[in-house]
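# What the coordinates show
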Amino acid sequence: SSGYFYDAFGSVTVAIGNNAPRPAQQNDTVISGMLIRTGDNSHAVLKFEDGEVISMQANSTLLVREYIYVPQQVDQSNMVFSMFKGGMRFVTGLIGQLNPKGFRLATPQATIGIRGTDFFVVMTNDGLNSQVSSGSISLTNAAGMSVFKAGDTALTASSKVLPVPIPPIAVPAETFSQIAAIPVPAAVPGPIPMPAPVVTTESALPLAAVPAEDGLVAGAAIDTTAGGAATGGAEAATTTATAATGVSSTAILVGVGVAVGVAALVNT
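Below is a short write-up of the structure. (Residues numbered from 1 in each chain as written. Predicted model: local features only at pLDDT ≥ 70, side-chain atom pairs only at ≥ 80, totals over all residues. Heavy atoms only, no water.)

Note that E66 resides in strand β8 (residues 61-68). One buried charged residue, E66, forms no salt bridge at all, with the nearest opposite charge on R65 at 10 Å. A distance of 2.7 Å separates polar atoms of two side chains, one belonging to E66 and the other to N78. (Helix = DSSP H or I, 4+ residues; strand = E, 2+ residues; numbered from the N terminus. Buried < 20%, exposed > 50% of the residue type's maximum accessible area, 1.4 Å probe, protein only. Lys, Arg positive; Asp, Glu negative; His and termini not counted. Salt bridge = Lys/Arg side-chain N within 4 Å of Asp/Glu carboxyl O. Polar contact = N/O pair within 3.5 Å; in protein donor to acceptor, adjacent residues only side chain to side chain.)

See below:
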């Protein structure tokens, strides 16, 4: 299971395992364990086999912890991401539509679950800003869980403060303007283009490879288990589906308790 770079504009790099970061190009493959960064005046658009689309504005960092897509058994498919900084847009593909518990996005302030969704998340000095275009999202942290529907804007000030709705008029216009301006393709399944050959030696990203400036803050309530409690009241799953895709999924955090996952990330 994999995805690819639908667009890579400006300075976009990827790193896998202990390999040095390398420039990313359009049609390059995206796999589990890949750390993706965009630089100044840059952006990236990722598309996955199930149709899931992720766009990244300038100066953003995303880790694809796990992506498993089984077309014949979508209920056994899942995707787990960690966003460390910047701004991103997530548009649901088949996994999010048919198996919303299979989606998980961890951020320093909260863990995000979905219910068939198109949403924006942008980190600012105020915290994590979220805006829902369609469907709904749940944000869960140490203070509890909040659910937001289409048209809602929310702010999560920290990992210890409950996510709260805020009037759109109270959000500075530039908060979502950059990520909203990036064109994205339709979120429908499609073939993965053939990438240029890339030689790698490591398929799993060790936590030590995540730079300190991108690390999660202490106290963040992060449940990176696909199907965890952040899906809007669903019981936290204790295991995650695994698949022999030829690439090792980053199971180091998937299926591990919240406290263990946070401690491992903070200590990197």
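Glancing now at the nonpolar core. Grouped together as the largest cluster of nonpolar side chains are 39 residues, with contacts concentrated most on F5, I36, F81 and F90. Discounting residues that sit within four places of it in the chain, F90 has contacts with E52, V53, I54, L62, F81, F103, L105, T117, D118, F119 and V121. Residues V91, V122, V171 and F176 belong to the second largest nonpolar core, which totals 12 residues. (Core = buried A, V, L, I, M, F, W, Y, C linked by side-chain atoms within 4.5 Å. Contact = heavy atoms within 4.5 Å.)

On to the sheet that holds strand β3 (residues 22-23). In space, the nine strands of this open sheet follow the order β3-β2-β5-β8-β9-β11-β12-β15-β16, with mixed pairing throughout. On the outer flanks of this sheet lie β3 and β16 (144-149), each paired with one strand and no other. By the bridge criterion, six bridges tie strand β15 (residues 136-141) to β16 in an arrangement that is antiparallel. Its bridge partner being in β16, L139 is matched across the sheet by S146. (Pairing = 2+ DSSP bridges.)

Another point: the sheet that holds strand β7 (residues 53-56). In any sheet, the strands associate via hydrogen bonds between backbone groups, in a parallel or an antiparallel arrangement. Taken in spatial order, the nine strands make up an open sheet running β4-β1-β6-β7-β10-β13-β14-β17-β18, and their pairing is antiparallel. Each edge of the open sheet is held by one strand with a lone partner, namely β4 (29-30) and β18 (164-165).

Attention shifts here to the pattern of salt bridges. It is possible for side chains bearing opposite charge to pair when their charged atoms get close. Across all of its chains, the model carries three salt bridges by this definition. Here D28 makes a salt bridge to R22, at a shortest N to O gap of 3.3 Å. Overall, D28 belongs to the buried group, its relative accessible area being 5%. Overall, the relative accessible area of 22% leaves R22 in the partly exposed class. Of the charged contacts, one joins R89 and D118 as a salt bridge, the two residues approaching to 2.7 Å between their closest N and O atoms. Note that R89 is positioned in strand β10 (residues 87-91) and D118 in strand β13 (residues 118-124), a separation of 29 residues in sequence. Overall, the relative accessible area of 10% leaves D118 in the buried class.

With that settled, consider the pairing of strand β14 (residues 127-134). Strand direction decides the pairing type here: β13 and β14, joined by seven bridges, are antiparallel. Counted as the bridge partner of M123 is L128 from β14. Taking the residues between adjacent antiparallel strands as the criterion, β13 and β14 are bridged by two residues. By the bridge criterion, four bridges tie β14 to strand β17 (residues 153-156) in an arrangement that is antiparallel. Its bridge partner lying in β17, S130 is registered against A154.

This next bit is on the environment of Y6. By secondary structure assignment, the location of Y6 is in strand β1 (residues 3-9). In the structure, Y6 is positioned 42 residues away from F48 in sequence and 9.3 Å away in space, judged by C-alpha atoms. Setting aside anything within four residues of it in sequence, one finds Y6 in contact with Q26, V45, L46, K47 and P185.

A few words on the pairing of strand β5 (residues 34-38). Burial within β5 is extensive, with four of its five residues counted as buried. Note that strand β2 (residues 12-16) and β5 share five bridges and pair antiparallel. Each residue of the ladder has a partner; that of T13, found in β5, is R37. Sheet analysis places β5 next to β8, joined by four bridges and oriented antiparallel. Looking at the pairing, M34 lines up with V64 of β8.

Summed over the entire model, instances satisfying the criterion amount to eight aromatic pairs. Note on F90 and F103: the rings are 6.0 Å apart at their centroids and 80° apart in plane angle, and the pair reads as edge-to-face. With a gap of 13 residues between them, F90 in strand β10 and F103 in strand β11 (residues 103-106) connect regions that are remote in the sequence. On the basis of relative accessibility, which here comes to 1%, the residue F103 falls in the buried class. Among the aromatic residues, those joined into a ring-pair cluster are F48, Y67, F81, F90, F103 and F119. (Phe/Tyr/Trp six-rings, centres within 6.5 Å; stacked < 30°, edge-to-face > 60°.)

Here the phi dihedral of N41 falls at roughly 50°; this positive angle occurs in a residue that is not glycine. Counting through the fold element by element, N41 comes out in the loop between β5 and β6 (43-48).

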